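# Descriptive analysis of the structure
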Amino acid sequence: VDPGPQRRKAVGLAASVVVLLLAEAAATLYYSGVQKDFTTALQAKEMERFYAGLCKTGVLILIMCPVMALHRYTAGNLTMAWRAFLARRLAQAYLRGQGPDCNTFYRLKLTGDIDNPDQRICQDVIDFVEVMFSLVSDFTATTMSVLGFSAVLYKISPMVCFGTVFYAVLGTFVATLGFGPPIMRCQGALIRQEAGLRYVLIRTRENAESIAFFRGGPAEWSHFEKLFGNLMETVHRFVVINTGIGTFNQCFHWATFAVVPLLVGPSYARGEVEFGTLAQVSMAFSTILGGLTLVMTKLETLTGFTVRVWRLYALELAVQRVGAQSSQRQHGGPSWGHIAAHELSGDGPVVLRLRCMTLRTPPGPGAVQQTLVENVSLAISEGESVLIAGESGVGKSSLLRALAGLWTDGDGHVELSRATCFFMPQRPYMFLGSLREQLLYPRLGQHGADDAELEEALRLVNLGYLLDQHCLGETKEWSALLSLGEQQRINFARVLLRSDLRLALIDEGTSACDPANEAQLYGLLCRQLRSYVSVGHRPALRRYHSHALLLHRRHQHAGLDHGATSSDVSTSSASGFALSLPGPRPEGPTLLCMGDFERAHGGSWAGDGYNSCAEEASAGLEHAGV
């Protein structure tokens, strides 16, 4: 979208607001003179001048009412445009990043650098825009009023003018230094603690069933009560500080009640000034004092505003850092400490190639990086499928995350065509939309499938009964309505609707499916895609793959961390995981054909009961002609 028209519109609105503020300031200054005239006329009992002054006041009100209404309307539109610009900018950087593989939201979650980015984008942006616009408007209007009334006050009494300035500066200095820092600390703590409290309640809602199974309500309440108690302690500190600044401000302004009569009263008694001058001086004094003490009276607002500015600035820096790292991965190569990603041509026979790839866990708060896979080089050609196996926690899913570009810490190169690769996690993401959008996700606006194709895809993955209960355009909370096995079948339906795919990365994508459905899904996948990499524990998965990799922990050596391990494969690293292959030690890790893999590991990886079920399901699939 071209930002030019929006920028011109915002500039026009801002200019209009400034002009309207000037008009209001001029009207206020004009009214001070009118007030002086009709007050003096009243004191002199000149009723004709008095009523003339009141008529001028009425005309001024009639003229200024539409001006003030237009000012409020223009200011509201400017605030709305500014909020939309900032929210869209931050949300786009957070959700889309600076490239298709940036995944800023995921990387910020891994590093833990930014807490509650949702609150920063939604709530902090609103607070920032509203407070910022209010402060700018107040400072602009105050500046205009102070300049105008200073001339009036100086003309009447230079001593009153300079005394007002000194008194206001002194009060602002004392309030800012005495109350500003503690208010800012309390504001920051309040924002963080309130966000943490909301997060606890959101997690409880999202995991309600698991908590209910554990009967964990009392534990959740205890955790909530502890966090809420900390919040109330911070609120109490804030109340104490706010009481101090409020009392100081009130006493400071009460002390000004005697200033004007004290300074101007003697001049009036000597006949040097008119009676109306007292009212004019009082109005000018109040306006100048209010303008010069604006920082003091809005100290609480300013400190909260400062906290939100730092939160938004931290989010901006974080997304820029992630974008820069993504660009380095694309163009800087592995010398930057990241696995370099390269695009493969769609014309060649190779669908995935790893060159000297070493994978490490992402850095995180309090986490120590570990090497998971070291110096891996392999190539998968079209028509080949690989099963990555190994015990739980050995790094199978982590390797898939590296292939998908989610985990990038390490060295080496990953080559694949991102546009024709589809990642299938164990728990598929259910989009907040219709059943049609579930099937087309993530290419909601780029599909060419009609409803008949969508319905056929559902039937092929044994979800045709959903069409008896829901229409394709129906919007539901699908993550709560569908079981995990049904969600995994939705994921396979998404693959069937993508004719451009060459490779799928499957992270235990059938773990919640029964053997019959698993056989059905992999049979469909073989005919649709032919090349895929799977992670799984079930022995029956071997029959659906042409090659296998077995990840194996290394044995612990003296002097290493508790998590450090070694392996049967010769490598220079003393920690992490390696690819375990049978027979003599190879020069480097290689893929193993499934037949050789079964001869080497079949006995130790057998599951006769499950295999028999899978074979029966596969036979049924072949009998059905799928």
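Here is what the cut-offs are and how they apply
- Residues numbered from 1 in each chain as written.
- Predicted model: local features only at pLDDT ≥ 70, side-chain atom pairs only at ≥ 80, totals over all residues.
- Heavy atoms only, no water.
- Patch = residues over 30% accessible without salt bridge, like charges linked within 9 Å, V, L, I, M, F, W, Y side chains within 5 Å.
- Areas by Shrake-Rupley, 256 points an atom, 1.4 Å probe, with all protein chains shown as cover.
- Salt bridge = Lys/Arg side-chain N within 4 Å of Asp/Glu carboxyl O.
- Helix = DSSP H or I, 4+ residues; strand = E, 2+ residues; numbered from the N terminus.
- Buried < 20%, exposed > 50% of the residue type's maximum accessible area, 1.4 Å probe, protein only.
- pLDDT = per-residue confidence, 0-100.
- Contact = heavy atoms within 4.5 Å.
- Lys, Arg positive; Asp, Glu negative; His and termini not counted.
- Polar contact = N/O pair within 3.5 Å; in protein donor to acceptor, adjacent residues only side chain to side chain.
- Phe/Tyr/Trp six-rings, centres within 6.5 Å; stacked < 30°, edge-to-face > 60°.
- Lys NZ or Arg CZ within 6 Å of the ring centre and 35° of its normal.
- Pairing = 2+ DSSP bridges.
- Right-handed = clockwise from strand over helix to strand, strands pointing away.
- Axes fitted to C-alpha atoms, helices over the stretch in contact; angles between N-to-C directions.
- Parallel < 35°, antiparallel > 145°, perpendicular 65-115°, else oblique.
- Nonpolar A, V, L, I, M, F, W, Y, C, P; charged D, E, K, R; others polar.

Taken together, Phe166, Leu170, Phe173, Val174 and Leu177 make up a surface patch of nonpolar side chains, about 530 Å² in accessible area. By the element assignment, phenylalanine 173 lies in helix 5 (residues 158-206). When its relative accessible area of 53% is taken as the criterion, phenylalanine 173 is described as exposed.

Here we come to the confidence of the model for the chain. Summarising the model, the chain shows a mean pLDDT of 77, and 82% of its residues fall at 70 or more. Predicted confidence in the chain is weakest over strand 10 (residues 577-580), with a mean pLDDT of 36, and strongest over helix 17 (residues 484-496), with 93. Counting contacts from residues 332-336, a segment whose pLDDT is below 50, to residues more than four positions away or on other chains yields nine contacts. Low pLDDT, under 50, characterises residues 606-626; the predicted model gives this stretch 27 contacts beyond four residues in sequence or across chains.

Attention shifts here to the pattern of salt bridges. Within the structure shown, the criterion is met by 15 salt bridges. Shared partners join several salt bridges into a network, and the residues in it are Asp124, Asp127, Arg308 and Arg311.

Before going further, it helps to examine the side chain of lysine 396. With respect to the helices, strands and loops of the structure, lysine 396 is situated in helix 12 (residues 396-403). Within the buried core, lysine 396 has no salt-bridge partner, and the shortest N-O distance to an opposite charge, that of glutamate 508, equals 5.3 Å. At 3.2 Å, the side chain of lysine 396 forms a polar contact with the backbone oxygen of glycine 390. At 3.1 Å, the side chain of lysine 396 and the backbone oxygen of glutamate 391 are in polar contact. Lysine 396 has contacts with Ile388, Ala389, Gly390, Glu391, Val535, His537 and Leu551, leaving out every residue within four places of it along the chain.

What follows is about the packing of aromatic side chains. Evaluated as defined, the whole model comprises twelve aromatic pairs. Here a set of aromatic residues connected by ring pairs shows up, and it is made of Phe492, Tyr522, Tyr532 and Tyr544. Directly above the aromatic system of tryptophan 407 lies the positively charged group of arginine 401, at a separation of 5.0 Å from the ring centroid.

Glancing now at the pairing of strand 7 (residues 503-507). When you tally the buried positions in strand 7, you get five out of five residues, the bulk of the element. The pairing of strand 6 (residues 421-424) with strand 7 spans four bridges and is parallel. When the bridges of strand 7 are listed, phenylalanine 423 appears paired with leucine 505. Pairing of strand 7 with strand 8 (residues 532-535) involves four bridges; the strand directions are parallel. Among the inter-strand pairings, alanine 504 is bridged to a residue of strand 8, identified as tyrosine 532. Regarding topology, helix 18 (residues 515-528) serves as the crossover connection from strand 7 to the parallel strand 8, and that connection is right-handed.

Time to look at the packing of helix 2 (residues 47-95) against helix 3 (residues 104-111). Pairs of packed helices are described in terms of their axes, by the angle between the two and the distance that separates them. Interhelical geometry of helix 2 versus helix 3 gives an angle of 75° and a closest axis separation of 6 Å. By the angle between their directions, the pair helix 2 and helix 3 is classed as roughly perpendicular. In contact with Ala93, Tyr94 and Leu95 of helix 2, helix 3 contributes Thr104, Phe105 and Leu108. Among the residues making up the contact of helix 2 with helix 3, the classes are represented as five nonpolar, one polar and no charged.

This part is about the environment of threonine 140. Tracing the backbone shows threonine 140 in helix 4 (residues 117-156). A relative accessible area of 24% means that threonine 140 is categorised as partly exposed. Between the alpha carbons of threonine 140 and alanine 25 there is a distance of 9.8 Å; along the sequence they are 115 residues apart.

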